[in-house]
Amino acid sequence: LSDLIPKISNYNLEIVICDNASTDNTKRVVEKYMAIYPHITYFRQSSNSIDKNFVTCYELASSKYIWLLGDSSRIVDIHFPKIIELLSSGELSAITMNAAGRVTDVKSKSFTDPIELLSELGWHLGLISSMIVLKAMTEKTYTHRYMETTFIHLGLFFEYLCLNGGTVLWMNET
């Protein structure tokens, strides 16, 4: 949060924190940040389930787009203004990014074919922080199909794209 809030504070973006039944002092830490950044929602799960945690984040978010970040995820400063600009157009179903610089052989481009996207980048999209998706991708699908797979975000993402189409922008800037 100490890294994230300064990057997003000018945009008044919502932060939804779903505590996955941690046994540390997460709630106390979050409350400290809630006092300085009013756009934080905190929810604590009663049990540890990564997929249930993702679904809770999806349900609690009120924004048009959702970006799941793990506790060790970091946003690269130079990308953030560009991402906000691209999402503001409202024309994209998702943005996928080269989080952690893992992809070296796919140049930045737009995908409209989910099979092509899966073929070229599916292995990378398992990294939750590499995807910003329309909230609609999480609302009109059957979450129970993917529950307890640890890849619920991918199931919902590809099901939505296959049923509804859309444009996914791949950003290979690291």
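In this text, all values refer to a predicted model and were calculated from it rather than measured experimentally.

Parameters and conventions
- Residues numbered from 1 in each chain as written.
- Predicted model: local features only at pLDDT ≥ 70, side-chain atom pairs only at ≥ 80, totals over all residues.
- Heavy atoms only, no water.
- Helix = DSSP H or I, 4+ residues; strand = E, 2+ residues; numbered from the N terminus.
- Contact = heavy atoms within 4.5 Å.
- Polar contact = N/O pair within 3.5 Å; in protein donor to acceptor, adjacent residues only side chain to side chain.
- Core = buried A, V, L, I, M, F, W, Y, C linked by side-chain atoms within 4.5 Å.
- Buried < 20%, exposed > 50% of the residue type's maximum accessible area, 1.4 Å probe, protein only.
- Salt bridge = Lys/Arg side-chain N within 4 Å of Asp/Glu carboxyl O.
- Axes fitted to C-alpha atoms, helices over the stretch in contact; angles between N-to-C directions.
- Parallel < 35°, antiparallel > 145°, perpendicular 65-115°, else oblique.
- Nonpolar A, V, L, I, M, F, W, Y, C, P; charged D, E, K, R; others polar.
- 1 Å grid on protein atoms, 1.4 Å probe; cavity = no way out; pocket = protein on both sides within 12 Å on 5 of 7 lines; lining within 4 Å.
- Points joined across faces, edges and corners; volume = space filled by probe spheres on them.

Caption draft 1: Up close: the environment of aspartate 51. Its location among the elements puts aspartate 51 in helix α3 (residues 50–60). Measuring from C-alpha to C-alpha, the distance between aspartate 51 and tyrosine 146 comes to 8.1 Å, with 95 residues separating the pair along the chain. When near neighbours in sequence (up to four residues on either side) are disregarded, aspartate 51 contacts Tyr146, Met147, Glu148, Thr149, Thr150, Phe151 and Ile152. At 2.7 Å, the side chain of aspartate 51 forms a polar contact with the backbone nitrogen of glutamate 148. Looking at aspartate 51, its side chain comes within polar contact range of the main-chain nitrogen of isoleucine 152, at 3.5 Å.

Caption draft 2: Focus on the nonpolar core. If you look at the biggest cluster of nonpolar residues, it comprises 27 residues, and the most contacted ones within it are Ile95, Leu117, Leu121, Leu125, Met137 and Phe157. For this core, the secondary structure elements donating two or more residues are α4 (80–88), β4 (94–97), α5 (114–121), β6 (131–134), α7 (152–164) and β7 (168–171). It is α7 that contributes the most residues to this core, 5 residues altogether. Once you skip the residues sitting within four places of it in the chain, phenylalanine 157 turns out to touch Ala94, Thr96, Leu117, Leu125, Met131, Val133, Met137 and Val168. Counting residues in hydrophobic clusters, the runner-up holds 13 residues, among them Leu4, Ile17, Phe80 and Ile84.

Caption draft 3: Highlighting the pattern of salt bridges. Under the defined criterion, the tally for this structure stands at 5 salt bridges. Linking arginine 44 and aspartate 19 is a salt bridge whose minimum nitrogen-to-oxygen distance equals 3.8 Å. With a gap of 25 residues between them, arginine 44 in strand β2 (residues 40–44) and aspartate 19 in strand β1 (residues 15–19) connect regions that are remote in the sequence. In this structure, the salt-bridge partner of lysine 109 is glutamate 120, at a minimum N-O distance of 3.0 Å.

Caption draft 4: Summary view of the packing of α5 against α7. Viewed as axis vectors pointing N to C, α5 and α7 meet at an angle of 150 degrees, and their least axial separation amounts to 9 Å. When the interaxial angle is binned, α5 and α7 end up roughly antiparallel. Residues Pro114, Leu117 and Leu118 of α5 pack against Phe157, Phe158, Leu161 and Cys162 of α7. Among the residues forming the contact of α5 with α7, the class breakdown is 7 nonpolar, no polar and no charged.

Caption draft 5: Representation of empty space enclosed by the protein in the model. Per the counting criterion, the structure on display carries 2 cavities of 30 Å³ or more. Of the pockets and cavities examined, the largest cavity occupies roughly 80 Å³. In this structure, the largest cavity is lined by Tyr58, Ile66, Leu68, Ile128, Met131, Val133, Met137, Thr138, His153, Leu156 and Phe157. Breaking the lining of the largest cavity down by element, the ones donating at least two residues are β6, α6 (136–139) and α7. A per-element tally of the lining of the largest cavity places α7 first, with 3 residues. Classifying every residue of the lining of the largest cavity gives 9 nonpolar, 2 polar and no charged. Together, Phe111, Thr112, Asp113, Pro114, Leu117, Leu161, Gly166 and Val168 line the second largest cavity. Its residues assigned to classes, the lining of the second largest cavity comprises 5 nonpolar, 2 polar and 1 charged.

Limitation: the analysis is restricted to geometry and does not speak to function.
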